[in-house]
Amino acid sequence: MEPLLRVEQVTICYNKEPVVQNVSFALREGEILGIVGESGSGKSTVLKAVMGLLGGAGRVTGGHIYYKEKNLTDLSGEELRKLLGPEIGMVFQDSGASFCPIRTVGNQLCESLREHGLLNGGRRAARRESDRRAARIMEKIGLTDPERVLDSYPFELSGGMNQRVGICGAMMLHPSLLLADEPTSALDVTVQKQVVETLRQMRDQYKTAMIVVTHNIGVAGALADQVLVLQNGRVMDYGPTDQVLHHSKNAYTKNLMDSVLRLKEEDGK
């Protein structure tokens, strides 16, 4: 199977200073890649480069990013925007903050579908169809009262519910590729487990490929098929999850795993 996404020797600079250097990986349909490393290692920057969200100071200065054989770094802003949403979805670290606080969840999900031309008819008919699609996904991911959720404002929902609503909003567009930036950050362990199960379920249901950026090695181990380890913007390790997390010969990866084990042992005392 040909890769859905290929990142080839990519270097990213902010204000001409390199923050990611010579990063390469490939992702196939239905595959999940976990990107792990310390804070500041360049994990989120890689996602931003794929989405074209580096901002005015950021630039891909070397290498290529191919999605379905299209070089994303060569596309115009308008061409890239056509791919974002229906083709490439995004779940942000704090999904609640990415929603408008003064509009209901249902209205915002409906607007997203209308913006991408995925709803027909008048405003009321479009909202009914949007709610129907949202409810179908919400029920699959453990939001058992979708009508209440859709009529709620983001601040009326818990952190875990907002994360799952964020996943729902991305998946309603049925993207081929989903990027998730620290989707379990600041959530308690129980909710982390729910979010991980939600992402895995969405992959199984829709064959969606995913890149999950996380500092939580446990999340990567439970979710990813392959793991990429970054340190200071450079690739330290890359390969199948079990090989990287449990049998790596790379000194940095082994130290990273040893530190996780020591923390677990200290927590258990």
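In what follows, the structure referred to is the one given above.
Residues numbered from 1 in each chain as written. Predicted model: local features only at pLDDT ≥ 70, side-chain atom pairs only at ≥ 80, totals over all residues. Heavy atoms only, no water.

## Focus: helix H4 (residues 105-115)
It helps to recall that an α-helix has 3.6 residues per turn; residues three or four apart then point in one direction. Among all positions in H4, only Val-105, Gly-106, Gln-108, Leu-109, Cys-110 and Leu-113 are buried. On its buried side, H4 packs onto helix H5 (123-140), helix H6 (146-150) and helix H7 (159-171). Positive phi shows up at Gly-117, right after H4, with a value of about 70 degrees. (Buried < 20%, exposed > 50% of the residue type's maximum accessible area, 1.4 Å probe, protein only. Helix = DSSP H or I, 4+ residues; strand = E, 2+ residues; numbered from the N terminus. Contact = heavy atoms within 4.5 Å.)

## Description of the pattern of salt bridges
Within the structure shown, the criterion is met by 12 salt bridges. We note a salt bridge from Arg-132 to Glu-129, for which the minimum N-O separation is 2.6 Å. Note that Arg-132 and Glu-129 are positioned in helix H5 at a spacing of three residues, about one turn of the helix. Here Arg-132 falls in the partly exposed class, since its relative accessible area comes to 44%. The exposure class assigned to Glu-129 is partly exposed, which follows from its relative accessible area of 24%. (Salt bridge = Lys/Arg side-chain N within 4 Å of Asp/Glu carboxyl O.)

## Let's talk about the sheet that holds strand E6 (residues 88-91)
Spatial strand order, E6-E7-E8-E3-E9-E10: six strands in an open sheet with mixed pairing. One side of each edge strand has no neighbouring strand; the edge strands of this open sheet are E6 and strand E10 (234-240). When strand polarity is set aside, the average angle formed by the axes of neighbouring strands in this sheet is 15 degrees. Pairing between strand E3 (residues 32-37) and strand E9 (residues 226-231): five bridges, direction parallel. When the bridges of E9 are listed, Val-36 appears paired with Val-229. Lying on the sheet, H7 is in contact with E6 and strand E7 (177-181); it crosses E6 at an angle near 170 degrees. With respect to the sheet, helix H8 (residues 189-206) is in contact with E3, E7 and strand E8 (209-213), its orientation differing from that of E8 by roughly 160 degrees. (Pairing = 2+ DSSP bridges. Axes fitted to C-alpha atoms, helices over the stretch in contact; angles between N-to-C directions.)

## Quick notes on the nonpolar core
Residues Leu-109, Met-138, Val-165, Leu-199 and Val-227 are the most contacted members of the largest nonpolar core, which totals 48 residues. Element by element, the count of residues in this core is highest for H7, at six residues. Ignoring anything within four residues of it in the chain, the contact list for Val-227 reads Leu-33, Gly-34, Val-36, Ala-220, Asp-237, Tyr-238, Gly-239, Thr-241, Val-244 and Leu-245. Formed by 32 residues, the second largest nonpolar core is a distinct cluster that contains Val-50, Leu-83, Leu-84 and Leu-230. (Core = buried A, V, L, I, M, F, W, Y, C linked by side-chain atoms within 4.5 Å.)

## Remarks on helix H1 (residues 43-51)
Burial analysis of H1 places seven of its nine residues in the buried class, the great majority of the element. Those residues of H1 that sit buried are Lys-43, Thr-45, Val-46, Leu-47, Ala-49, Val-50 and Met-51. Residue Gly-52 follows H1 closely and has a positive phi angle near 70 degrees.

## Some points on the layout of surface pockets
Taken as a whole, the largest pocket spans an internal volume of roughly 630 Å³. As for the largest pocket, its lining consists of 22 residues, of which Met-90, Phe-92, Ser-112, Gly-169 and Leu-173 are closest to the centre. When contributions to the lining of the largest pocket are tallied by element, the ones reaching two or more residues are E6, helix H3 (95-98), H4 and H7. Broken down by class, the residue content of the lining of the largest pocket amounts to 11 nonpolar, nine polar and two charged. In this structure, the second largest pocket spans a volume of roughly 340 Å³. Around the second largest pocket, the lining comprises 18 residues; the ones closest to its centre are Ala-49, Gly-52, Leu-72, Thr-73 and Leu-80. Put simply, the parts of the chain that give the lining of the second largest pocket at least two residues each are strand E4 (58-67) and helix H2 (77-83). Among the elements that line the lining of the second largest pocket, the one with the most residues is E4, at four residues. The residue inventory of the lining of the second largest pocket, partitioned by class, reads eight nonpolar, eight polar and two charged. (1 Å grid on protein atoms, 1.4 Å probe; cavity = no way out; pocket = protein on both sides within 12 Å on 5 of 7 lines; lining within 4 Å. Points joined across faces, edges and corners; volume = space filled by probe spheres on them. Nonpolar A, V, L, I, M, F, W, Y, C, P; charged D, E, K, R; others polar.)

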